[in-house]
Amino acid sequence: MRRLLAFGTLALVACAPKPAADLVILGKTWTGDRAVPLAQGLAIQGDSIVAVGDSAALAKWIGPKTETVRAAGLVTPGFMDDHVHLMEGGAHLASVDLRDAATPEEFTRRIKAFAATLKPGEWITGGDWDHELWPGSPLPDRSWIDSVTPNNPVLVNRLDGHMSLANTAALAAAKIDRSIKPIAGGEIVRRPDGQLTGVLKDEAGVVVESVIPTPTESRQDATLARAMQHAASVGVTGISSVSTTWAGGIAALRRARVNGTLTLRVSNYIPLGEWRSMADSFKANGPGDDWIRLAGVKGLVDGSLGSTTAYFDAPFTDKPATSGFLTTPEDSLRRWITAADSAGLQVVVHAIGDRANGLLLDIFEASAQKNGPRDRRFRIEHAQHLRPRDIPRFAALGVIPSMQPYHAADDGRWAEKRIGAERIKTTYAFRSLLDAKARLMFGSDWFVAPLNPMPGIKAAVTRQTIDGKQPNGFVPEQKITVEEALRAYTVDNAYGMFWEAKLGQLKPGMKADVAVLDRDLLTMPADSLDRTRVRLTVVGGKIVFKAP
């Protein structure tokens, strides 16, 4: 049986420079450096890369105490993720899993089983249910779960995070009943008789979220530890953490830094409406360092395609009474984005529908004109459905499309029934954006989709849907190459987080963030890319994950 990794010390130690490398990794290496794209390995000293080259050159860096790794697959820069809900993802790892519950009955059974493990009064959250799996695709109803959760409030979200189901106990905790008035930026789904179903879309769900008890510091620390361990296991070494809170995620990261347990680089973006708080921090302390970055805000224009709350020019094909809506008023978006930009902050904003993306590009352009030239690196998070005329505007305005390719493999199962055959032509328009010279960032939107980059790379390269029904790909003309996908997950993610001087490539002087894979992504069959596994993850020169 072929060994995927070998650890040891090479015989050539006499020629080692002083001091020798702490770690040498040997194997086919994709560096991300256009000048030297491929090598036979690299040497690491402390937290940095000191050499990249062929095996003979690297042997000179090996001393008596050097740890060596031989990789049978591909060595790459540590993967970065452009859009992660970090603490929520860590919490979901310990919550009920409804993602593949294929029937309403299974949905109810899993919630019942999970409730049996809790104390009375403890909340059930997470879930990630997908009603598109269910025959007829009905939305859930609180009546499905009330009888099996009499002692526990429930707020379980659809997998896109833009629609949730609350049970009666959760609605009561939030003081919500049938008399509640419409909520701007959201939707309260009702039965024909006006009673609440418990389904809450976008801002309507925030009303219930606001009454969920804040986790203790020890629970937050445990949640972060789970999230970091999971990230290391899939080769992710740096992320954009969106909608982070000072009291939750950022505080937990700082405690981990003090305790020496931080194994993930995190660029934090707090909610756009709180831009003054981030501006004060930026002015007083700067943007942070290469472990914890505090220099940006994240906004929200609209909802999602799956929840029929994305903001489009034309109505949904399968729900013609609506074309979606703004989750943040346009005047607030313009005011907050312009103010945050004037304070020197990086602004990243969620937009899904074509009208939402066009509006956001307009706001970014107006803000840049008002505030004057600077290296601002505006980002549109998701950029999923674009008008053809808006695609060249990304490069022209210097706006980065910050996208998540696994969503294409997921949404592609049913996107055409939502918006029709014509509008899907520029859905997840990876090829068109790259051809128009945009700089493309990739990630997961974890907890919404798997944090593992491998299914995302496969989705970008093959455009195959997760149900296996589109072997040639969903909108196949938007496929890109493996190397283009790798660059979006490494080099260009580092750029989009203002970390390109130290991260994203394997070359001397860069920080030693490395992923060692069990297969060669550059030569293997494209439809098997998601079978690749991470064997070793290195962050800052330290091994943080080693596969059994």
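Structural notes, computed from the coordinates. (Residues numbered from 1 in each chain as written. Predicted model: local features only at pLDDT ≥ 70, side-chain atom pairs only at ≥ 80, totals over all residues. Heavy atoms only, no water.)

## Brief notes about the overall build of the chain
So, step 1. Counting its regular elements, the chain contains 17 helices and 23 strands.
So, step 2. Relative to a compact globule of 548 residues, whose C-alpha radius of gyration would be 24 Å, the chain shows 24 Å and is just as compact.
So, step 3. Along the first, second and third principal axes, the C-alpha atoms of the chain reach 85 × 55 × 50 Å.
So, step 4. Residues classed as buried in the chain amount to 59% of the 548 residues present.
So, step 5. Pairs at least 24 residues apart make up 74% of the contacts formed inside the chain by residues separated by at least 6 positions.
So, step 6. Accessible surface computed for the chain: about 21500 Å², of which carbon and sulfur atoms make up 54%. (Helix = DSSP H or I, 4+ residues; strand = E, 2+ residues; numbered from the N terminus. Rg over C-alpha atoms; globule rule 2.2 N^0.38 Å. Buried < 20%, exposed > 50% of the residue type's maximum accessible area, 1.4 Å probe, protein only. Contact = heavy atoms within 4.5 Å. Areas by Shrake-Rupley, 256 points an atom, 1.4 Å probe, with all protein chains shown as cover.)

## Looking at the packing of aromatic side chains
So, step 1. On inspection of all chains with the given rule, the structure shows 11 aromatic pairs.
So, step 2. Judged by centre distance (5.4 Å) and plane angle (75°), the ring pair of Phe-312 and Phe-316 falls under edge-to-face.
So, step 3. With relative accessibility at 0%, the residue Phe-312 sits in the buried group.
So, step 4. Geometrically, the ring pair formed by Tyr-428 and Phe-430 is tilted, given 6.4 Å between the ring centres and 55° between the ring planes.
So, step 5. Relative accessible area serves as the criterion here: at 1%, Tyr-428 is assigned to the buried category.
So, step 6. When its relative accessible area of 0% is taken as the criterion, Phe-430 is described as buried.
So, step 7. Grouping aromatic residues by their ring pairs yields a cluster made of Phe-79, Tyr-428, Phe-430, Phe-442 and Tyr-489.
So, step 8. Sitting over the ring of Trp-291, Arg-265 keeps its end group 4.3 Å from the ring centre. (Phe/Tyr/Trp six-rings, centres within 6.5 Å; stacked < 30°, edge-to-face > 60°. Lys NZ or Arg CZ within 6 Å of the ring centre and 35° of its normal.)

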